[in-house]
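Residue-level structure breakdown
Single-letter residue listing:
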Amino acid sequence: MPFSLDNLLVIGISSRALFDLEAEETLFQEQGLDAYRQHQLQEENSILKPGAGFGLVKALLKLNALTPGHRLVEVVIMSRNSSETSLRIFNSIAHYGLDITRAALSGGAPLAPYLLAFNVSLFLSLHEDDVQAAINSGVASAMLYRLPDNAADPEQIRIAFDGDAVIFSDESERIYQEHGVEAFEEHERENARKPLPQGPFARLLVALSYLQNNFKTPDGRAFPLRTALVTARASPAHERVIRTLRAWNIAIDETFFMGGVNKSAVLAAFKPHMFFDDQHGHCLHASNVVPTGRVPVKQDK
């Protein structure tokens, strides 16, 4: 029987997102493919340092130990590298003991066409074109920022999300951007009992909620995954969020209605393995304290 990726939480991650390859990327940009290829061949036994997405991947892979014989999470390396230059990546994976056995190495071609082939639930990369193409094809995706110094690595898996344009659609966000806060608040007040449309990360949140609700640790305690919603919304725009999550039958563990206050202090206290937001300004501040990924707006074809 072929191995099936159905009913698994599949994380697609680029090699630059999993490991720190910034020096190699600079070499590629400044000296070209041949210099990059030669460097990777010479250094293929040199272990790479963890990158911006390493902590989240390492934490999520631990979930497979909770249900022996039944995998919950699969991680696929998705790289524009060729197989020839990829041995250093696999050697580093083995060094850190990461349970990753699958890869899509496109040899410079775009990665987006292969996301659905691997049933990817979440794609993480530092390549903006690939992230945008993933979002456009309906796959939750984020462009990662550089890993902050002294990033926390809590035992419990922790993931934080912004609301509008991430979990929810950008419908209300557009009203705010185009007509201001008063029009936004009035719109949300009038539609408080109408669930918000799903955003690019809604299905991922549903999958995480399913894991929380249906699996326990071997000792019977609650599932070791905690989620947080950290949104710029405040009253009266809070009600629609609460009612939407209720309609989706999702309980987020911690919710923060920031009302425009900088999110960094709350994020530093929550200590997520990753925070997802759509605003570059918010991501820039957050990336100083926690691993952060920016979710681009879907572009219509």
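Everything discussed here concerns the structure shown above.
To start, this report covers the structure provided alongside it. (Residues numbered from 1 in each chain as written. Predicted model: local features only at pLDDT ≥ 70, side-chain atom pairs only at ≥ 80, totals over all residues. Heavy atoms only, no water.)

Further remarks concern the pattern of salt bridges. For the structure on display, the rule yields 21 salt bridges. Across the pair R174 and D170 runs a salt bridge whose closest N-O atoms are separated by 2.6 Å. (Salt bridge = Lys/Arg side-chain N within 4 Å of Asp/Glu carboxyl O.)

Turning next to the sheet that holds strand β6 (residues 157–161). Strands sit in the order β3-β2-β1-β4-β5-β10-β9-β6-β7-β8 across an open sheet of 10 strands; the sheet is mixed. Each having just a single partner strand, β3 (102–105) and β8 (254–257) make up the two edges of the open sheet. Strand-to-strand twist of the sheet, defined as the mean angle between neighbouring strand axes without regard to direction, takes the value 25 degrees. Of the pairings in the sheet, the one linking β6 to strand β7 (residues 225–231) comprises five bridges and is parallel in character. Its bridge partner lying in β7, R158 is registered against R226. On the sheet, helix α4 (residues 54–61) packs against β1 (9–13), β2 (73–79), β4 (122–125), β6 and β9 (274–277) and is oriented at approximately 150 degrees with respect to β2. (Pairing = 2+ DSSP bridges. Helix = DSSP H or I, 4+ residues; strand = E, 2+ residues; numbered from the N terminus. Axes fitted to C-alpha atoms, helices over the stretch in contact; angles between N-to-C directions. Contact = heavy atoms within 4.5 Å.)

Our next topic: the side chain of E254. Examined against the element boundaries, E254 turns out to sit in strand β8. At 2.8 Å, the side chain of E254 forms a polar contact with the side chain of R226. Leave out the neighbours within four places in its chain, and E254 touches R158, R226, T227, A228, L229 and F270. (Polar contact = N/O pair within 3.5 Å; in protein donor to acceptor, adjacent residues only side chain to side chain.)

Bringing the pairing of β8 into the picture now. With four bridges joining them, β7 and β8 adopt parallel strand pairing. Bridged to T231 within β8 is F257.

L18, F161, F201 and F276 are the most contacted members of the largest nonpolar core, which has 55 residues in total. No other element matches the six residues that α4 contributes to this core. Those residues in contact with F161 that sit more than four places away from it in its chain are V166, I167, F201, L204, L205, L208, T227, A228, L229, V230, F275 and F276. V10, V76, A112 and F123 belong to the second largest nonpolar core, which has 15 residues in total. (Core = buried A, V, L, I, M, F, W, Y, C linked by side-chain atoms within 4.5 Å. Buried < 20%, exposed > 50% of the residue type's maximum accessible area, 1.4 Å probe, protein only.)

Bringing α4 into the picture now. Within α4, six of the eight residues are buried, which leaves the element mostly enclosed by the surrounding structure. Turning to α4, its buried residues number three or more, namely F54, L56, V57, A59, L60 and L61. The elements touched by buried residues of α4 are β1, α1 (15–18), β2, β4, β6 and β9.

The next thing to look at is the packing of aromatic side chains. Tallied over the entire structure, the rule returns nine aromatic pairs. Judged by centre distance (6.2 Å) and plane angle (50 degrees), the ring pair of F19 and F54 falls under tilted. Linking F19 in the loop between α1 and α2 (22–31) with F54 in helix α4, this pair joins segments that are 35 residues apart in sequence. Look at F161 and F201: their rings are 6.3 Å apart centre to centre, the planes differ by 65 degrees, and that puts the pair in the edge-to-face class. Here the residue F161 occupies a position in strand β6, and F201 occupies one in the loop between α8 (181–190) and α9 (202–214), the gap between them amounting to 40 residues. By relative accessible area, which is 0% here, F161 ends up buried. F201 sits in the buried class, given a relative accessible area of 0%. (Phe/Tyr/Trp six-rings, centres within 6.5 Å; stacked < 30°, edge-to-face > 60°.)

Inspection of the entire model under this criterion finds one cavity of 30 Å³ or more. There is about 40 Å³ of room inside the largest cavity. Contributing to the lining of the largest cavity are L9, I11, L60, L122, I159, L204, L208 and F276. Those elements giving two or more residues to the lining of the largest cavity turn out to be β1 and α9. Here the residues of the lining of the largest cavity sort into eight nonpolar, no polar and no charged. (1 Å grid on protein atoms, 1.4 Å probe; cavity = no way out; pocket = protein on both sides within 12 Å on 5 of 7 lines; lining within 4 Å. Points joined across faces, edges and corners; volume = space filled by probe spheres on them. Nonpolar A, V, L, I, M, F, W, Y, C, P; charged D, E, K, R; others polar.)

Read these as geometric descriptors, not functional statements.
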